[in-house]
Amino acid sequence: MPKNLTVDAPTASAAPPRSLWLLGPALVAGVAYLDPGNVASNMTAGAQYGYLLVWIVLAGNVMAWLIQYLSAKLGVVTGQSLPEVLGTRLRNRWGRRAYWLQAELVAMATDLAEVIGGAVALNLLFDVPLLLGGLITGAVSMILLAVQSRRGARPFEFVIVGLMVIITVGFLAGVFIAPPDAAGVVSGIVPRFEGTGSVLLAASILGATIMPHAIYAHSALSRDRFGANSRTRPADAAAEAARTETSRIRRLLTATRWDVTIAMIIAGSVNLGILLLAAANLAGVDGTDSLEGAHAALTAGLGPVVATFFAVGLLASGLASTSVGAYAGAEIMHGLLHVRIPLLARRLITLIPALLILGVGVDPTLALVLSQVVLSFGIPFALIPLVALTAQRRTLGPWANRAWTTASGFVASVLLIALNGALLWLVLTGA
């Protein structure tokens with residue numbers, strides 16, 4: 001926001017409604033924490049190392065809370081998404097295009113994993129060929145995006161939250177049927193590793209949890225819900241209008257903290273539940289390093305009902321997360337290049353890489369791993385600008401981060417970048 005401008009107070013009809021009605025953007029963005037990449041990483045970690053990496057899931061969820069709140073705060077206070085703010089700050093045309101290119105590749109890699117996850121789920125449930133499953137997943141995601149384009153943010157949120165409920169039930173059903181060992185869960189809270197493989201899986205869990213497109217999307221979702229009524233006006237505007245606006249933003253940020261907390265509790269519980277399900281029932285079972293293998297192991301160990309719940313949860317995960325990923329990709333292009341193409345047309349274009357991979361017969365698990373590697377490249381480009389911008393008073397005014405918030409964001413960024421660097425190194429060296 002320019003230095004000499006403040007945000008105009010909304011009219012009475014634009015005042016925020018009841019606090020419960022303010023919830024939603026974080027729940028939509030939180031779907032990114034429940035995508036097929038998360039499922040694969042947590043399932044493999046539990047099957048191979050038991051309860052060892054429980055602490056990584058918990059730590060990742062705490063860092064995710066902070067990062068998603070900062071993203072939402074940027075959208076609420078400025079009325080702009082992170083890509084839009086960067087689009088105005090990056091004055092060099094080629095620098096802005098280079099930034100857009102890496103962000104676009106990250107969004108496409110995310111979409112790849114999610115479409116493949118949906119295709120695998122349809123194959124497990126109905127024996128649908130993978131290519132056809134990818135087409136069906138893409139078609140359903142287009143329907144969901146049409147809801148967002150034509151009906152607005154709120155109906156889209158209702159649909160995505162409904163899918164999140166299905167995801168939660170699908171992935172947590174097995175935990176209640178075959179509960180984990182309490183002592184094992186407690187022991188997993190102690191931070192430690194056991195060899196290079198556990199470091200690789202820890203990095204995979206964090207890489208699949210905190211993803212760049214979720215950061216870009218959350219700021220845009222908050223803008224769409226809460227920033228649409230913002231207009232600029234001279235800094236010497238009436239004091240009463242300034243007080244009204246201050247009160248409005250304070251209330252929105254309070255609701256946003258609750259929204260992010262609820263979303264992260266749900267996402268963290270599901271991710272932890274997936275790891276505990278595997279640790280309690282699939283430890284040492286061969287083939288659990290793939291979604292198909294995990295489904296087969298669940299069928300053999302806990303029966304077809306639990307395995308079916310798992311597959312339904314995986315399908316809902318693919319459908320919801322690919323829709324949010326496409327939304328994020330459209331925002332990235334609009335904010336950085338100032339180009340907006342129809343969301344459904346973009347969905348068709350970004351669906352092509354996933355369909356090509358499914359069509360030529362590339363192993364779905366390998367494709368998921370490679371997509372996580374691409375995501376690792378994009379983490380620093382989203383995290384560092386987010387922490388830096390939300391710490392600036394010229395960007396957020398009195399809502400800029402406090403010193404401890406910026407310090408926490410810096411520490412989280414360093415840890416995430418280091419672990420994602422370790423993931424890249426271990427994968428590329430074959431370690």
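Rules of the game
Residues numbered from 1 in each chain as written. Predicted model: local features only at pLDDT ≥ 70, side-chain atom pairs only at ≥ 80, totals over all residues. Heavy atoms only, no water. Helix = DSSP H or I, 4+ residues; strand = E, 2+ residues; numbered from the N terminus. Rg over C-alpha atoms; globule rule 2.2 N^0.38 Å. Buried < 20%, exposed > 50% of the residue type's maximum accessible area, 1.4 Å probe, protein only. Contact = heavy atoms within 4.5 Å. Axes fitted to C-alpha atoms, helices over the stretch in contact; angles between N-to-C directions. Parallel < 35°, antiparallel > 145°, perpendicular 65-115°, else oblique. Left-handed = near helix turned anticlockwise from the far one by under 90°. Nonpolar A, V, L, I, M, F, W, Y, C, P; charged D, E, K, R; others polar. Salt bridge = Lys/Arg side-chain N within 4 Å of Asp/Glu carboxyl O. Polar contact = N/O pair within 3.5 Å; in protein donor to acceptor, adjacent residues only side chain to side chain. Phe/Tyr/Trp six-rings, centres within 6.5 Å; stacked < 30°, edge-to-face > 60°. Lys NZ or Arg CZ within 6 Å of the ring centre and 35° of its normal.

Participant: So what exactly am I meant to see when it comes to the overall build of the protein chain here?
Facilitator: Across its full length, the protein chain holds 17 helices and two strands. Scaling as 2.2 N^0.38, a compact globule of 431 residues should have a C-alpha radius of gyration of about 22 Å, and the protein chain matches this with 21 Å. Referenced to the eigenvectors of the C-alpha coordinate spread, the extents of the protein chain come out at roughly 70 × 45 × 45 Å. For the protein chain, the residues scored as buried account for 57% of the 431 residues in total. A separation of at least 24 residues holds for 86% of the contacts in the protein chain among residues at least 6 apart in sequence.

Participant: Would you mind showing me how to read the packing of helix H4 (residues 82-89) against helix H13 (residues 304-337) here?
Facilitator: A packed helix pair is summarised by two numbers, namely the angle formed by the two axes and the spacing between the axes. It is at 7 Å that the axes of H4 and H13 come closest, and there the two elements cross at 20°. Classified by the angle their axes make, H4 and H13 are roughly parallel. Like other packed secondary-structure pairs, H4 and H13 cross with a definite hand, here right-handed. Residues Pro 83, Glu 84, Leu 86 and Gly 87 of H4 touch H13, and the partners they reach there are Glu 331, Ile 332, His 334, Gly 335 and Leu 336. Partitioned by chemical class, the residues of the contact of H4 with H13 number four nonpolar, three polar and two charged.

Participant: In this structure, what is going on with the packing of helix H2 (residues 36-49) against helix H12 (residues 291-302)? I would like to understand it.
Facilitator: Viewed as axis vectors pointing N to C, H2 and H12 meet at an angle of 60°, and their least axial separation amounts to 10 Å. By the angle between their directions, the pair H2 and H12 is classed as oblique. In this structure, H2 crosses over H12, and the sense of that crossing is left-handed. Residues Pro 36, Val 39, Ala 40 and Met 43 of H2 form the contact with H12, whose own contacting residues are Leu 291, Ala 294 and Leu 298. The residue makeup of the contact of H2 with H12, split by class, is seven nonpolar, no polar and no charged.

Participant: Help me out: how do you make sense of unusual backbone geometry in this one?
Facilitator: For residues that are not glycine, phi is negative in most cases, and the peptide bond is trans in most cases. A positive phi angle, close to 60°, is found at Asp 127, a residue other than glycine. With respect to the secondary-structure elements, Asp 127 resides in the loop between helix H5 (93-126) and helix H6 (130-151).

Participant: Mind showing me how you'd approach the pattern of salt bridges here?
Facilitator: Side-chain pairing between opposite charges can occur once the charged atoms of the two side chains come close. Following the criterion strictly, the structure yields eight salt bridges and no others. Across the salt bridge formed by Asp 111 and Arg 347, the nearest N and O atoms sit 2.3 Å from each other. Note that Asp 111 is positioned in helix H5 and Arg 347 in helix H14 (residues 343-359), a separation of 236 residues in sequence. Look at Asp 111 and you get buried, because its relative accessible area is 2%. Its salt-bridge partner being Arg 223, residue Asp 224 comes within 2.8 Å of it at the nearest N-O pair. Given a relative accessible area of 10%, Arg 223 falls into the buried group. Beyond isolated ion pairs, a larger network of salt bridges with shared partners links Glu 84, Arg 223, Asp 224 and Glu 331.

Participant: Sorry if this is basic, but what is going on with the side chain of Asn 401 here?
Facilitator: Here Asn 401 shows up in the loop between helix H16 (393-396) and helix H17 (403-429). A relative accessible area of 11% means that Asn 401 is categorised as buried. Side chain to side chain, Asn 401 and Lys 73 meet in a polar contact 2.7 Å long. Excluding residues that lie within four positions of it along the chain, Asn 401 makes contacts with Leu 70, Lys 73, Val 387, Thr 390, Ala 391 and Thr 406.

Participant: Hey, could you run me through the packing of aromatic side chains in this one?
Facilitator: For any pair of aromatic rings, the description rests on two quantities: the centre-to-centre distance and the angle between the ring planes. One pass over the structure, following the stated rule, counts five aromatic pairs. The interplanar angle of 85° and the centroid separation of 6.3 Å between the aromatic rings of Tyr 99 and Phe 381 together place this pair among those described as edge-to-face. Linking Tyr 99 in helix H5 with Phe 381 in helix H15 (residues 364-390), this pair joins segments that are 282 residues apart in sequence. Overall, the relative accessible area of 11% leaves Tyr 99 in the buried class. Here the basic side chain of Arg 97 rests over the ring of Trp 94, its NZ or CZ set 4.7 Å away from the ring centre. Positioned above the aromatic ring of Phe 158, the side-chain terminus of Arg 154 is 5.0 Å from the ring centre.

Participant: Mind showing me how you'd approach the side chain of Thr 256 here?
Facilitator: Turning to its location among the elements, Thr 256 is positioned in helix H11 (residues 239-281). Excluding its chain neighbours within four sequence positions, the residues that come into contact with Thr 256 are Tyr 69, Ala 72, Val 76 and Phe 226.

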